[in-house]
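A structural walkthrough
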Amino acid sequence: MKHVAALAGVGVKTVSRVINDEPNVTEATAERVWNAVRELDYQLDLQAGSLRRADGRTRTLGLLVGSVDNPFAGAIHRAVEDIAAARGVAVFASSMDDDAGRESEAVRAFLQRRVDGLILTTASDHPEYLALLRDRGLPVVYVDREPMEADVDTVASDNRAGAAAATAHLIAHGHRRIALLADRLDLVTARQRHQGYLDAHAEAGIPVPEDLIVAGLHDAKDANAALGQLLSSNEPPTAAFSAQNLITIGALHALRDAGRARTTALVGFDDVALADLMDPGVTVVAQDPQRIGTYAAERVFARLGGDDEAPVRTVVPVTLVQRGSGEIAPHGRG
């Protein structure tokens, strides 16, 4: 705070008033203070004295996921909490909704609370705050989506292999016009699953039906509309690979609305609730979010315990679960 005051040319008490949004500070003075705060990357300690211990730790972790209301993210959250609770550590969780700006704000909020370590999902290939985290020496593990930088610990599913297996499964059942319903391709997981879809076509020597690839879908509503449009086209797909759990839900609605739930095959990436109770049951490539969260939490605590080995990239296998929807043959076959 003294450094901020010196750079802004004001007293420490003025800096305190500005940061705490107290009155009696001119707009010009406040602007000078905030410019100094940004230049020095000053972080207000919101937990001053109350959570600090003799070892300088706050017994807290920061967890950033895509959205806490997504079951996949919720399972990761629970696994992290279970590992942390056993060590007397609390977890602050936040959603970033695939927004790089919101992601950066959340990370800085965690830093203000002096968390001991971070478990993060990213919406960016090159998060702009990485240099800041390196300067702080804070243990960081990325989950699900990983940045392009190789010098960070990551835990993620085998997205490319899983998507290839899903597409190859549909090809093995006779399908040649397989729709791909994907998230935004600027997200690493969507790109990996798109590449797996392409890999399976190349392996089978089948041309990729470019007219059936729809990306940029973020939720069930988008997916419902996209697949509905494909199904009503002159050359509809005989099968679909939905590359995200919310997209799978939207695809299921589209198939039901079109009366094609029993004639158009579907394989989803990531499991969905009650998938085994539907008729037909939903074939999926199942991830293991509990294992992802457990590995990530254990990695953070290993770093906090003094582990200084090179960053580790942990790939968690996925499993093709056949329930019926992915085993439907093209119309007129099987």
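A brief look at the structure comes next. None of the values given here were measured: they were computed from a predicted structure.

Reading guide: rules and limits
- Residue numbers run consecutively from 1 along every chain, following the written order of its sequence.
- The model is predicted, so local features are restricted to residues of pLDDT at least 70 and side-chain atom pairs to those at 80 or more, both for listing and for counting; the totals for chains, interfaces and linings are taken over all residues.
- Water and hydrogen atoms play no part in the side-chain values, which are based on all heavy atoms of the structure.
- Each axis is a line fitted through C-alpha atoms, and for a helix only the stretch in contact is used; angles between axes span 0 to 180 degrees, taken between their N-to-C directions.
- Put simply, DSSP marks the helices as runs of H or I at least four residues long and the strands as runs of E at least two long, and each gets a number from the N terminus on.
- We call two directions roughly parallel when the angle between them is under 35 degrees, roughly antiparallel when it is over 145, roughly perpendicular when it lies between 65 and 115, and oblique otherwise.
- Crossing handedness follows the turn of the near helix against the far one: under a right angle anticlockwise gives a left-handed crossing, and clockwise gives a right-handed one.
- Residues are treated as being in contact if the distance between any of their heavy atoms lies within 4.5 Å.
- Between any two strands, pairing holds if DSSP finds at least two bridges.
- Each residue gets one of three labels from its accessible area relative to the maximum for its type: buried under 20%, exposed over 50%, partly exposed in between, using a 1.4 Å probe on protein chains only.
- For Phe, Tyr and Trp, rings pair up if their centres lie within 6.5 Å, where Trp contributes its six-membered ring, and each pair is then called stacked (planes under 30 degrees apart), edge-to-face (over 60) or tilted (otherwise).
- Here, a charge over a ring is recorded when the distance from Lys NZ or Arg CZ to the ring centre is within 6 Å and its angle to the ring normal is within 35 degrees.

It is worth spelling out the packing of helix α9 (residues 220-231) against helix α10 (residues 245-257) at this point. Orientation of α9 relative to α10, taken along the N-to-C sense of each, is 40 degrees, at an axis distance of 7 Å. For the element pair α9 / α10, the angle class is oblique. Both α9 and α10 take part in a crossing whose hand is right-handed. Every residue of α10 that contacts α9 at Ala220, Ala223, Asn224, Leu227, Gly228 and Leu231 is listed here: Leu246, Ile247, Ile249, Gly250, Ala251, His253, Ala254, Leu255 and Asp257.

Taken together, the six strands give an open sheet; going across it, the order is β7-β6-β8-β9-β10-β12, and neighbouring strands pair in mixed fashion. Whereas interior strands pair on both sides, the edge strands pair on one side only; in this sheet they are β7 (213-214) and β12 (319-321). For strand β10 (residues 283-286) and β12, the ladder comprises three bridges, and the chain directions are antiparallel. In the sheet register, Ala286 faces β12, and the bridge partner there is Thr319. α9 rests against β6 (178-181), β7 and β8 (239-242) of the sheet, and its axis sits at about 160 degrees to β6.

In this section: the pairing of strand β4 (residues 140-143). The alternating pattern of β4 places Val140 and Tyr142 on one face and Val141 and Val143 on the opposite face, and all of these are buried. Direction of pairing for strand β3 (residues 117-120) relative to β4: parallel, over a ladder of three bridges. Its bridge partner lying in β4, Ile119 is registered against Val141. Where β4 lies against strand β5 (residues 153-157), three bridges are found, and the strand directions are parallel. Residue pairing in the sheet places Val141 in a bridge with Asp153 of β5.

Turning next to the sheet that holds β4. A sheet is described by the order of its strands in space; here six strands give the open sequence β2-β1-β3-β4-β5-β11, paired in parallel fashion. Sheet topology places β2 (90-95) and β11 (313-316) at the edges, where each strand pairs with a single neighbour. Strand-to-strand twist of the sheet, defined as the mean angle between neighbouring strand axes without regard to direction, takes the value 15 degrees. Along the sheet, helix α5 (residues 100-112) contacts β1 (60-65), β2 and β3; its crossing angle with β1, the most-contacted strand, is approximately 175 degrees.

Another point: the packing of aromatic side chains. For the structure shown, the criterion picks out zero aromatic pairs. Over the aromatic face of Phe269 sits the side chain of Arg193, whose NZ or CZ is 3.9 Å from the ring centroid.

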